[in-house]
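Coordinate analysis (summary)
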Amino acid sequence: MPQVEQPLTDAAITVRQVNHYQFSWVAGEPGQRGTFTLQLVLDEGAGEEVLTLDADDADVLKDLLEHNHTVQYDVPRNTLMFGVTPAGS
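Cut-offs and rules
Residues numbered from 1 in each chain as written. Predicted model: local features only at pLDDT ≥ 70, side-chain atom pairs only at ≥ 80, totals over all residues. Heavy atoms only, no water. Helix = DSSP H or I, 4+ residues; strand = E, 2+ residues; numbered from the N terminus. Rg over C-alpha atoms; globule rule 2.2 N^0.38 Å. Contact = heavy atoms within 4.5 Å. Areas by Shrake-Rupley, 256 points an atom, 1.4 Å probe, with all protein chains shown as cover. Lys, Arg positive; Asp, Glu negative; His and termini not counted. Charge placed at Lys NZ, Arg CZ, Asp CG, Glu CD. Expected span 1.5 Å × (residues − 1). Buried < 20%, exposed > 50% of the residue type's maximum accessible area, 1.4 Å probe, protein only. Arc of directions from axis to C-beta. Polar contact = N/O pair within 3.5 Å; in protein donor to acceptor, adjacent residues only side chain to side chain. pLDDT = per-residue confidence, 0-100. Pairing = 2+ DSSP bridges. Axes fitted to C-alpha atoms, helices over the stretch in contact; angles between N-to-C directions.

1. Focus on the overall build of the chain
Of the regular secondary structure elements, the chain holds one helix and five strands. Put simply, the chain runs from its N terminus to its C terminus through helices and strands in the order β-β-β-α-β-β. Relative to the globule expectation of 12 Å for 89 residues, the C-alpha radius of gyration of the chain, 17 Å, shows a markedly less compact shape. Viewed in the frame of its principal axes, the chain has a C-alpha envelope of about 65 × 35 × 20 Å. Taking the contacts inside the chain whose residues are at least 6 apart along the sequence as the reference set, 38% of them involve residues at least 24 apart. Accessible surface computed for the chain: about 6,800 Å², of which carbon and sulfur atoms make up 51%. Where the 4 positive side-chain charges of the chain centre and where its 14 negative ones centre are 3 Å apart.

The structure is reproduced here in structure tokens:
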């Protein structure tokens, strides 16, 4: 059987589903604010992203992640997308 080149590689997949997430807080210098990070586990571990957030963004994202069953992450654009709405709805 001839070898057929596969046009789709793992690196070619740019939008992945968020399966798990974890917030962390990193202390700042004395007298300075700390920094929040959000670790995203994508496609059951096929990918991972760590985002640096301020407190306001962390609060909003926590609410969005808790209330949406489907969350996608566009890797090259660093964009979280919440929920899925069928076309024509």
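Back to the write-up after that little detour.
2. With respect to helix 1 (residues 55–67)
Between the first and last C-alpha of helix 1 there are 19 Å, a value that for 13 residues agrees with the 18 Å anticipated at 1.5 Å per step. Those residues of helix 1 that sit buried are Ala58, Leu61 and Leu65. Down the axis of helix 1, the buried side of the element spans an arc of 70°, and every buried residue falls inside it. In helix 1, those exposed residues whose orientation departs by more than 90 degrees from the buried face are Asp56 and His67. Here the buried face of helix 1 lies against strand 1 (15–26), strand 2 (35–42), strand 3 (47–53), strand 4 (71–74) and strand 5 (79–82). Between a side-chain oxygen at the N-terminus of helix 1 and the backbone nitrogen of Asp56 the separation is 3.2 Å; the capping residue is Asp54.

3. A word on the confidence of the model for the chain
Confidence in the prediction of the chain, expressed as mean pLDDT, is 91, and 94% of residues score 70 or more. Ranking the elements of the chain by mean pLDDT puts strand 3 last with 95 and strand 2 first with 97.

4. Side note on the sheet that holds strand 2
Whether parallel or antiparallel, the strands of a sheet pair through hydrogen bonds between backbone atoms. The strand order 3-2-1-4-5 describes an open sheet built from five strands, whose pairing is antiparallel. Pairing within the sheet leaves two strands with one partner each, and these edge strands are strand 3 and strand 5. Going from strand to strand, the sheet's axes swing by 40° on average, the running direction of each strand aside. In terms of strand pairing, strand 1 meets strand 4 through three bridges, oriented antiparallel. In the sheet register, Arg16 faces strand 4, and the bridge partner there is Tyr73. Of the strands in this sheet, strand 1, strand 2, strand 3, strand 4 and strand 5 are in contact with helix 1, which crosses strand 1 at around 135°.

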